[in-house]
Amino acid sequence: MSREGTSSRSIFGSTSERIRPQQQCNRSSEVGRRGWTQSEMEVSRFVWVWRSDRESFNRRTGKTKRPKKSEAQTERASAQTVKGPPSSPRRLHLRLHLSSLSSSLRADPFACASIDRSARGLQAFVAVSGTNFDGGYGSSSNGLFWINELQFLCFDIHDRTSEMKKQKESVIDPTSGSDGGLDLKSVIHQHSLFFDKLIELIPAKFYLPNDDKERPWFHGLSKAQKESAKKESRENIKKARRDRLDPQKSSATTVDLLMQSLEKEKEDYGSDREDAVDTKLTVSGKEGKERKVTYEELQQRLRNKIEQLRAARITTNPDKIKRKTEEVEQGKKRKRDTEVKPSTSDGGDRKVNKDIEEASKELAFSQVKLGNKEERAKKRKKLSKEKELERARKLKEVKKDPVKGEVVSKKHSWKAATSRAAGIKVHDDPKLLKQSIQKEKKRHQKNAEKWKERAGTQQKGKAEKQQKRSENIAERAREKKQRKIAKREKKLLRPGFEGRKVGFINESLASA
Amino acid sequence: MARFQNKKKKVFVKPIVQKKPGNVDHVTGDKIPKSFVFSRGKLPGPLRQLQMDLRKLMLPFTALNLKEKKRNNLKDFLNVAGPMGVTHFLILSKTDAAPYLKVARTPQGPTLTFKINEYSLASDVAQSQLRPRCPKDLFKNSPLIVLSGFGTGEQHLKLTTIMFQNIFPAIDVNTVKLSSCQRIVLLNYNKETKLVDFRHYSIRLQPIGVSRRIRKFVQNHQVPDLRNLQDVSDFVTKAGYGSESEADEEAATVALASDLGRVNKASSKSAVRLQEIGPRMTLQLMKVEEGLCTGGVIFSEYGYGAEKKPDKQEATREDEENDQDEDEDAREDDDEMEEDTEDGEED
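Here the structure is a predicted model, which is why all the values come from computation and not from measurement.

## What to know about the overall build of chain A
Stage number 1. Helices and strands together make up the secondary structure of chain A, namely 19 helices and two strands.
Stage number 2. Counting only residues that meet the buried cut, chain A has 24% of its 512 residues in that class.
Stage number 3. For chain A, long-range pairs separated by at least 24 residues make up 65% of all intrachain contacts whose partners lie at least 6 apart in sequence.
Stage number 4. Summed over all atoms, the accessible surface of chain A reaches about 39,000 Å², with 54% contributed by carbon and sulfur.

## Some points on the packing of aromatic side chains
Residues and elements named next belong to chain B.
Stage number 1. Applying the stated criterion to the full structure yields eight aromatic pairs over all chains.
Stage number 2. Ring centres of Phe38 and Phe89 lie 5.3 Å apart, and the angle between their planes is 75 degrees; on these two criteria the pair is classed as edge-to-face. A residue pair is termed long-range when its members are at least 10 positions apart, and Phe38 in strand S1 (residues 34-39) and Phe89 in strand S2 (residues 86-94) qualify at 51 residues.
Stage number 3. Exposure remark for Phe38: the relative accessible area of 0% places this residue in the buried category.
Stage number 4. One aromatic cluster is present, built from ring pairs that chain together Phe36, Phe38, Phe77 and Phe89.

## Digging into the side chain of Glu289 of chain B
Stage number 1. Secondary-structure assignment places Glu289 of chain B in strand S11 (residues 280-289).
Stage number 2. Its relative accessible area of 1% is what places Glu289 of chain B among the buried residues.

## A look at the environment of Ala266 of chain B
Residue and element names in this part refer to chain B.
Stage number 1. Mapped onto the fold, Ala266 is located in the loop between strand S9 (253-255) and strand S10 (269-276).
Stage number 2. Relative accessible area serves as the criterion here: at 27%, Ala266 is assigned to the partly exposed category.
Stage number 3. In sequence terms Ala266 and Pro207 are 59 residues apart; their C-alpha atoms lie 10.0 Å from each other.

## Section: unusual backbone geometry
Keep in mind that most residues, glycine aside, have a negative phi and that most peptide bonds are trans.
All names here are of chain B.
Stage number 1. The linkage connecting Leu59 with the following residue, Pro60, adopts the cis geometry, with an omega of 5 degrees.
Stage number 2. Relative to the helices and strands, Pro60 is located in the loop between helix H1 (45-58) and helix H2 (74-84).
Stage number 3. Here the amide bond leading from Thr106 into Pro107 is cis, since omega sits at -10 degrees, within 30 degrees of zero.
Stage number 4. Relative to the helices and strands, Pro107 is located in the loop between strand S3 (99-105) and strand S4 (111-120).
Stage number 5. If you check the backbone angles, Lys194 has positive phi at about 60 degrees while not being a glycine.
Stage number 6. Mapped onto the fold, Lys194 is located in the loop between strand S7 (183-190) and strand S8 (195-207).
Stage number 7. Despite not being glycine, Cys293 has its phi angle at roughly 55 degrees, a positive value.

## Structural notes on the nonpolar core
All names here are of chain B.
Stage number 1. Ranked by size, the top nonpolar core spans 40 residues in total, and within it Leu101, Val103, Phe114, Phe164, Leu187, Met281 and Leu283 carry the most contacts.
Stage number 2. With six residues, the single largest contributor to this core is helix H4 (residues 155-167).
Stage number 3. Ala81, Val86, Phe89 and Leu292 belong to the second-largest nonpolar core, a separate cluster that totals 12 residues.

## Details of the pattern of salt bridges
Residue and element names in this part refer to chain B.
Stage number 1. One pass over the full model with this rule turns up five salt bridges over all chains.
Stage number 2. Taking the shortest distance from any N to any O, the salt bridge between Glu68 and Arg55 comes out at 3.5 Å. Here Arg55 lies in helix H1 and Glu68 lies in the loop between H1 and H2, a separation of 13 residues in the sequence.
Stage number 3. The class of Arg55 is buried, set by a relative accessible area of 4%.
Stage number 4. Across the salt bridge formed by Lys287 and Glu289, the nearest N and O atoms sit 3.5 Å from each other.

## A word on the confidence of the model for chain A
Residues and elements named next belong to chain A.
Stage number 1. Of the residues in chain A, 47% reach a pLDDT of 70 or more, and the chain-wide mean stands at 68.
Stage number 2. Averaged pLDDT values over the elements of chain A bottom out at 33 in helix H1 (residues 15-19) and peak at 94 in helix H18 (residues 430-491).
Stage number 3. This stretch, residues 107-116, has a pLDDT under 50; its non-local contacts, to residues over four places away or in other chains, come to 14 contacts.
Stage number 4. Low confidence marks residues 123-143, where pLDDT is under 50. Its contacts with residues over four positions away, or in another chain, come to 26 contacts.

## What to know about the pairing of S7 of chain B
Residue and element names in this part refer to chain B.
Stage number 1. Within S7, seven of the eight residues are buried, which leaves the element mostly enclosed by the surrounding structure.
Stage number 2. Where strand S5 (residues 144-148) lies against S7, five bridges are found, and the strand directions are parallel. When the sheet's bridge partners are listed, Leu144 is paired in S7 with Ile184.
Stage number 3. In this sheet, S8 lies alongside S7 in antiparallel orientation, the contact comprising eight bridges.

## Description of the environment of Gly291 of chain B
All names here are of chain B.
Stage number 1. Structurally, the position occupied by Gly291 is in the loop between S11 and strand S12 (297-300).
Stage number 2. Judged by its relative accessible area of 10%, Gly291 falls in the buried class.
Stage number 3. Distance from Gly291 to Gly109, taken between C-alpha atoms, is 5.3 Å for residues 182 residues apart in sequence.

## Observations concerning the packing of helix H16 (residues 385-400) of chain A against helix H17 (residues 405-422) of chain A
Residues and elements named next belong to chain A.
Stage number 1. Between H16 and H17, the least distance of the axes is 6 Å, while the angle of their chain directions is 130 degrees. Taken together, H16 and H17 sit at an angle that is classed as oblique. Residues Leu395, Val398 and Lys399 of H16 form the contact with H17, whose own contacting residues are Gly405, Val408, Ser409 and His412.
Stage number 2. Taken together, the residues of the contact of H16 with H17 break down into three nonpolar, three polar and one charged.

Calculation criteria
Residues numbered from 1 in each chain as written. Chains lettered and ligands numbered in written order. Predicted model: local features only at pLDDT ≥ 70, side-chain atom pairs only at ≥ 80, totals over all residues. Heavy atoms only, no water. Helix = DSSP H or I, 4+ residues; strand = E, 2+ residues; numbered from the N terminus. Buried < 20%, exposed > 50% of the residue type's maximum accessible area, 1.4 Å probe, protein only. Contact = heavy atoms within 4.5 Å. Areas by Shrake-Rupley, 256 points an atom, 1.4 Å probe, with all protein chains shown as cover. Phe/Tyr/Trp six-rings, centres within 6.5 Å; stacked < 30°, edge-to-face > 60°. Core = buried A, V, L, I, M, F, W, Y, C linked by side-chain atoms within 4.5 Å. Salt bridge = Lys/Arg side-chain N within 4 Å of Asp/Glu carboxyl O. pLDDT = per-residue confidence, 0-100. Pairing = 2+ DSSP bridges. Axes fitted to C-alpha atoms, helices over the stretch in contact; angles between N-to-C directions. Parallel < 35°, antiparallel > 145°, perpendicular 65-115°, else oblique. Nonpolar A, V, L, I, M, F, W, Y, C, P; charged D, E, K, R; others polar.

Structure follows, in structure tokens:
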């Protein structure tokens, strides 16, 4: 196994080898039972060899140097030793860790966690075994630490025969001298390359932070909008796929996209701080302009409408109306323009009130009853009809008068019409008054007659009743007497009785 | 002794109901003016519709289903009007020239004769509107009346104002309720053309300062459609343009004296919105007579008898009256030339 420059090679060979299986088979010369890569096998072999060597070394007394074996021999030996059964649980642990590491690396690109676990396990193992590793590595991540260790272990594989101690020393004291410094840089570089490769394993859409805006949101849109959005997304997907598989187009790997996004963020962050105020202002400026435009439009519309209405309406005083409209418009204009200043809007209100006052001077409303009932209850004096007749006749006379006749008549007719319209009864027609007087008279007469009649009938009735009463009383008295007589007579109607003593027979004859 | 046999017959005692005279308002104690709307002569279809519209306008103090027969005279109406307490007659008639509307006060009040130059029926007005409005108790209360342009001091205009003011019952400021003022009749006099515009509106009060959506939601209690919104705050604060009519009526806002309905509160300002219902007429005052379609003419549009007789058609049916009318008119016109109007009345 030739020793290659460590700077150009990462620990596990190129991770790309591992990921793309088709290449894996070509490169690894000795594909083991599980298809391990060369580097994996190297590591595992080394560990076993180291262990076994150490043991053998410990077994052998004093012998530090070993005869240089050929690589093939060593490999064979290690291969043999690999098959050997694990004699201690610690070795098993290590092997397991390594195997888990390799399998995980093969299985999924995100091997950091497993690396961590394995590294920790190795660390523990190493600590337990008593090997004095410097705690200086503890500051770096577990993965790095483990990686470092494995790297050195790999070095040992190559330099085992010649420089065992030296390696040990270097392991014990890696930070000493320029060697350590150079190694650190290269180490870091190696690490970065490793991580880059890991990142490239991840497809960009899962790794890069996705803005919410780019996400298609279909829920709040209408049917048509949804259709178009879906179509767009479908087109985008197709395009992206074509670009990805196009060999001529350079596909941006995840790392490149990540760098792009980082740059963008930097810019945004830097610019945000400076230009935040400016953007706000510009935005508000735009809005203000838009607002003004719409207000102007509204004003124009309002003016047009008012003109139309005024033209259509029949006006009593066009000048007045024009003035009114202007004032009202001005008031409204002022209101609209100066929403912030309330003082001018008061002016507009005052104007409006003025207009209302002016207008109300010409307005008449329905009848309104004000005041209390007692105040309203005063009645007019009702003149008797004769008196009214007198008045009416007088009026008539006056009307006929040639001098002031028509004036009086007109005045009177208007007055009468107005009061009649208001509900007040006006008696100015002597004819009707006469009629009504007549009617009243007749009514009165009729009533008088009726009364008389009633009185007469009452009297009659009274008399009749009295008569009947007295008759009845007399009748009763007579009846009573007769009854008594009858009773007396009855006594003498006994059988065999010839009758009352009437007298001598010839007495009556004699008298007659 | 049977305990449960209460064979005592309970005599039905009729409760003594004191019948109030029909025309007295039980609130104010004053007389309520009532009206009859009828026609003299045969009217064509649209005018009959107009008659119905006028009847609806005069509700509730009119006879909505007044049935008139051919042989009914004015006298018959007068005779019926007395006991029922009807104070006004609105008489429609049609001649070749134009339809006429007479507004008269019974029993011997003045008669104003208007010529109807143009008219629109209530159904036409409703059809012309996007959202015609007729709440169910719109005609439960009598309308308010506003007369504009009549204040020029001329006597016939004064008479017209008084006449119309007394057709509708008066408002008692102490006891009136805001909810009862739902309609308004508007009469506008144009000095140049001497035409009177007759309009009939329904009054609606709406609170201002509240967006349309929230106002409708509170009024109707209907769950709004929030489909296209992302948040309830969008519904509440959406700045929509107000309706065009809102801009016109910044002057028509009032602070109510009391709450009206669910939405209008006394503390906040409300806007008064008028929506036209009912017939629209353009009237021209032709003649003012002293009596009920009789009597001396105290005002005439064209002066000395140059005007057409409006009652030509009824001459055949109502001979006496019309002859009298015409004679009197003729005489009146003659008399007017001599400036004495009272002769025709006498005897």
